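If you want the building blocks of each chain, they are given just below.
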Amino acid sequence: MSAVTVTVPRDTAALSVGADDVAAAIVAEADRRGLAVTLVRTGSRGLFWLEPMVEVVGPDGVRHAYGPMTADDVPGLFDADFLEAIDHHPLAHGPTDSIAYLKDQQRLTFARCGVIDPLSVIDYRTHGGFVGLDRALTMAPEAICAEITHGGLRGRGGAGFPTGIKWTTVREAPGPTKYICCNADEGDGGTFADRMLMEGDPFLLIEGMTIAALAVGAREGFVYVRSEYPRAIATLRAAIATAEAEGWLGEGIHGTDRAFHLHVRVGAGAYICGEETAMLESLEGRRGQVRAKPPLPAHEGLFGKPTVVNNVLTLAAVPVILAQGAAFYRDFGAGRSRGTQPFQLAGNIRRGGLVELAFGVRLTDLVHRFGGGTLSGRPVRAVQVGGPLGAYLPGDGLDVAADYETLAETGAMLGHGGLVVFDDTVDMARQARFAMAFCAIESCGKCTPCRIGSQRGVEVIDRIMAGENRAANRAVLDDLCEVMAEASLCAMGGLTPNPVRSALAHFPEDFKRPPTARAAE
Amino acid sequence: MTGRESLAETGQDRDWEMQARARAIVAEHQGQPGALLPLLHAIQAEFGCVEPSVVPVLAEGLNLSVAEVHGVVTFYHDLRHARPGRHVIKVCQAEACQAVGADSLLAHVRRSLGVDRGGTPPDDAFTVDVVYCLGNCALGPTVMIDDVVHGRVTPARFDALADVRRRAAP
Ligand SMILES: Cc1cc2nc3c(=O)[nH]c(=O)nc-3n(C[C@H](O)[C@H](O)[C@H](O)COP(=O)(O)O)c2cc1C
Ligand code: SF4
Ligand code: FES
């Protein structure tokens, strides 16, 4: 029998629940039985509740999934002949691509993640990689920008700004020196798509950034990755070295006379450095303080030069648009939100993970059909959508289409696509307090409404929770939210009222509970 | 020579040695644009923290004022002014982990190691910090020990992870 290919993820989430132990146990057990196994370490498919999820490639090339695995399960699976890709075992899930959670997705950006060896250029190309870049190398910069504009791509970092327009601004800006900066700061609690992609398919990000460079005439780029992601940093650095060695990055891209040099820079634990101008300050070696706009980074960005700042997922959507054409990408989506969005199901959820779907999917489908409700089995009481600056929606208010405009109409926002689920034991006054406390900790300190307002917000909510003069303090809190929303320089202070106001609006009872009830918990 | 003087001298020797090593690290990073943050990471990787005594070396090497470098060091949560314990434990306190009991896990961690926030227990084995999201939000509560992320951390699992490290030779 020839060697059977077995894949085990080396994604941070899979490793966090023992993927390395499982991989070692598989190798040891195969050895003990004298069976030939080729172990491939991949990214994650994003079905985190099944991690560590092992796949066996059957004789017909079809992959079969097993999970969640522990090292102790390994001998039993060998006994059950799992190397023959059997499906009759309590941990077996059949062909991976037939698992409903995966089958029902529309994976464009994450098509390869968890499938290939993240650092193999051959794997990447076999699965359609670098096709978009090859096409871009034959196109005029204007044509690349136009393709992105027609594809309808909007920024996935939170603001949803049209990417083609941003690129065109940088392309048209005068001067020979321009930069591409990838925002991989992914600070929002409840999000992990950037991390998964950098660990599971780093060449896709490199390809997207290179296309951006060709489109605007940049020769140098930076990826700003948060320090909390050591494995993403290491994978990205290795991928850059490999891409350079194999002629896909650096001087002479794929045999042409074009050049693009890419560097990885590591953040230092400041949420505000995800805001694009603070990120630029940080890249220049300063405190991560927000810059006043204008000038826009597209006009005066890194080191004062015209700069494209895009999120990881924005840049990773680019190769598909070039490879398959703008019309293909545009066909997905709803209203003015075109393409697909990698949603992230997190928190108290039974089937947490990554769900990539066209915009317009209902939040209730994400939370219940995909997510399976709460992990605790209790009712879903609240879902925070779009990170720490996003609103809390009530469990019975999820029949909303997930696209930029529809969510905005309901007072919510998509942000980076994270959904954090809470069951009915959550105390929404505490969540509102946390929103203010987080803002106080992470404020860059440049403007008063945010720096002082958030601190005052914590104190006022503390008084409300303690039952002191509730009506008066509630009025103070409303005023504070108003001032923060209206007078902050950036969205950190400006949007922190979102979670606070939505908690007050949808869960008023939590702000009226007798203080003793809370203390007794 | 009194004991006090010799102590001071060793302290000074240590500073000199540290500054010499810092100079070598500065030389490696000096060339790149916006070198300060990569340089500070390298310094912390070498010494465990950014001690006030190396700040002038960095400032001189990058042609910045001491105040500027100090301003940067104090801005970023990651940069430490004092050496941590042998292992750094970061307990996630962001929303997704809150939803699955991150606060009670943090309370357990502190109780079980006998430390306050940011504190290091007397045996110098661990420093406990909080962190806001480690990108493992579907498998919380999440804890990072040194550079390794652990998911679905129950109090018992945490104690086992800490025990292994406590028993390992420093
Ligand atoms: C407080 C704050 C934090 C942010 N954090 C991030 C982040 O972690 N990642 C990101 O891509 N964008 C973040 N943004 C948005 C960026 O400022 C910027 O809009 C984005 O990087 C632009 O890229 P895009 O057009 O591809 O979305 C943040 C904004 C604010 C105000
Ligand atoms: S709103 Fe907050 S984070 Fe934004 S500039 Fe003002 S102080 Fe800085
Ligand atoms: S919220 Fe804890 S890992 Fe993301």
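Throughout this document, residue positions are counted from 1 along each chain, in the order its sequence is written. Ligands are numbered from 1 and chains lettered from A, in the order in which they are written. Under the rules for a predicted model, residues below a pLDDT of 70 receive no local features and side-chain atom pairs below 80 are neither given nor counted, while totals for whole chains, interfaces and linings still include all residues. Side-chain calculation: all heavy atoms of the structure are included, whereas hydrogens and water are not.

> Even after reading the chapter, I still don't get the sheet that holds strand β3 (residues 54–57) of chain A, so can you show me in this structure?
Think of a sheet as strands paired side by side through backbone hydrogen bonds, with each pair either parallel or antiparallel. Residues and elements named next belong to chain A. Note: two strands are recorded as paired if DSSP finds a minimum of 2 bridges between them. A run of H or I in DSSP counts as a helix once it spans at least four residues, and a run of E counts as a strand once it spans at least two, with each numbered from the N terminus. In spatial order, the strands read β2-β1-β3-β4-β5; together these five strands make up an open sheet with mixed pairing. Every other strand in the sheet has two partners, leaving β2 (37–42) and β5 (92–95) as the edge strands with one partner each. The mean inter-strand angle of the sheet, taken between neighbouring strand axes irrespective of direction, is 25 degrees. Together, β1 (4–9), β2 and β3 form the strand contacts of helix α2 (residues 19–33), whose direction differs from that of β2 by roughly 170 degrees. Interaxial angles span 0 to 180 degrees and are taken between N-to-C directions of axes, which are lines fitted to C-alpha atoms, for helices over the stretch in contact. The contact criterion used throughout is that any non-hydrogen atoms of two residues lie within 4.5 Å.

> I keep staring at the nonpolar core and nothing clicks. Help me out?
Residues and elements named next belong to chain A. By size, the foremost hydrophobic cluster in this structure holds 180 residues, and its most contacted members are Trp167 and Leu205. No other element matches helix α10 (residues 202–216), which puts eleven residues into this core. Setting aside its immediate chain neighbours within four residues, Leu205 contacts Cys182, Leu197, Met198, Val223, Leu236, Val312 and Leu315. The nonpolar core is taken to be a set of buried Ala, Val, Leu, Ile, Met, Phe, Trp, Tyr and Cys residues, with the residues joined through side-chain atoms within 4.5 Å. Any residue under 20% of the maximum accessible area for its type is buried, any over 50% is exposed, and the rest in between are partly exposed; the area is computed with a 1.4 Å probe on protein chains only. Core analysis: the next-biggest nonpolar cluster, separate from the first, contains 32 residues, Leu102, Leu345, Phe359 and Val385 among them.

> Honestly, the environment of B:Ala94 in this entry has me stumped. Any pointers?
Residues and elements named next belong to chain B. You can see Ala94 is positioned in the loop between β1 (87–92) and α5 (95–98). By relative accessible area, which is 3% here, Ala94 ends up buried. Here the alpha-carbon distance between Ala94 and Gln12, two residues 82 residues apart in the chain, equals 42 Å.

> Would you mind going over the domain arrangement of chain A with me for this structure?
Size of an interface: often given as the accessible area lost when the parts come together. Residue and element names in this part refer to chain A. Its domain assignment divides chain A into domain 1 (4–103), domain 2 (121–330), domain 3 (333–423) and domain 4 (428–519). Measuring from the centre of the C-alpha atoms in domain 2 to the corresponding centre in domain 4 gives 36 Å. Taken together, the ten residues of domain 2 in the interface contact eight residues of domain 4. What counts as buried area is the accessible surface, traced by a 1.4 Å probe, that two parts surrender upon association, with contributions from both included. Taken together, both faces of the contact between domain 2 and domain 4 bury some 730 Å²; the carbon and sulfur share is 70%. Counting the surface domain 2 buries against domain 4, the share from its top three residues, Tyr271, Ile272 and Val290, is 63%. By definition, a salt bridge exists where a carboxyl oxygen of Asp or Glu is found within 4 Å of a side-chain nitrogen of Lys or Arg. Counting the contacts that link domain 2 with domain 4 gives zero salt bridges. Distance and chemistry together define a polar contact, namely a pair of N or O atoms within 3.5 Å, with one atom able to donate a hydrogen and the other to accept it when in protein, and with adjacent residues in sequence counting only for side-chain atoms on both sides. In this structure, the connection of domain 2 to domain 4 is made through three residue pairs in polar contact (both at pLDDT 80 or more). Domain boundaries shown here were taken from an automatic or database domain assignment.

> Mind showing me how you'd approach the interface of chain B and chain A here?
Contacts between the two partners involve 38 residues from chain B, matched on the other side by 57 residues from chain A. Buried surface at the junction of chain B and chain A, both sides included, amounts to about 3500 Å², of which 59% is carbon and sulfur. For chain B, the biggest contributors to the area lost against chain A are B:Phe75, B:Glu95 and B:Tyr132; these three give 19% of the whole. Salt-bridge contacts for A:Arg430 lead to B:Asp103; the nearest nitrogen and oxygen are separated by 2.7 Å. Linking chain B with chain A are 23 residue pairs in polar contact (both at pLDDT 80 or more), by the criterion used here. At the level of secondary structure, the elements contributing two or more residues to the side of chain B that touches chain A comprise α2 (36–47), α4 (66–75), α5 and β4 (148–150) of chain B. Side-chain classes follow a simple rule in which Ala, Val, Leu, Ile, Met, Phe, Trp, Tyr, Cys and Pro form the nonpolar group, Asp, Glu, Lys and Arg form the charged group, and the remainder, Gly included, forms the polar group. Here the residues of the side of chain B that touches chain A sort into 20 nonpolar, twelve polar and six charged.

> Is there a simple way to think about unusual backbone geometry in this case?
Excluding glycine, residues mostly carry a negative phi; peptide bonds, for their part, are mostly trans. All names here are of chain A. A cis geometry characterises the amide bond from Glu51 onward to Pro52, with omega recorded as -5 degrees. Mapped onto the fold, Pro52 is located in the loop between β2 and β3. Unusually for a residue other than glycine, Phe130 sits at a positive phi of about 65 degrees. Tracing the chain through its elements places Phe130 in the loop between α5 (121–126) and α6 (131–136). For Phe130, a relative accessible area of 1% puts it in the buried group. Positive phi, normally seen in glycine, also occurs at Glu186, with a value near 20 degrees. Here Glu186 is to be found in the loop between β6 (179–184) and α9 (193–200).

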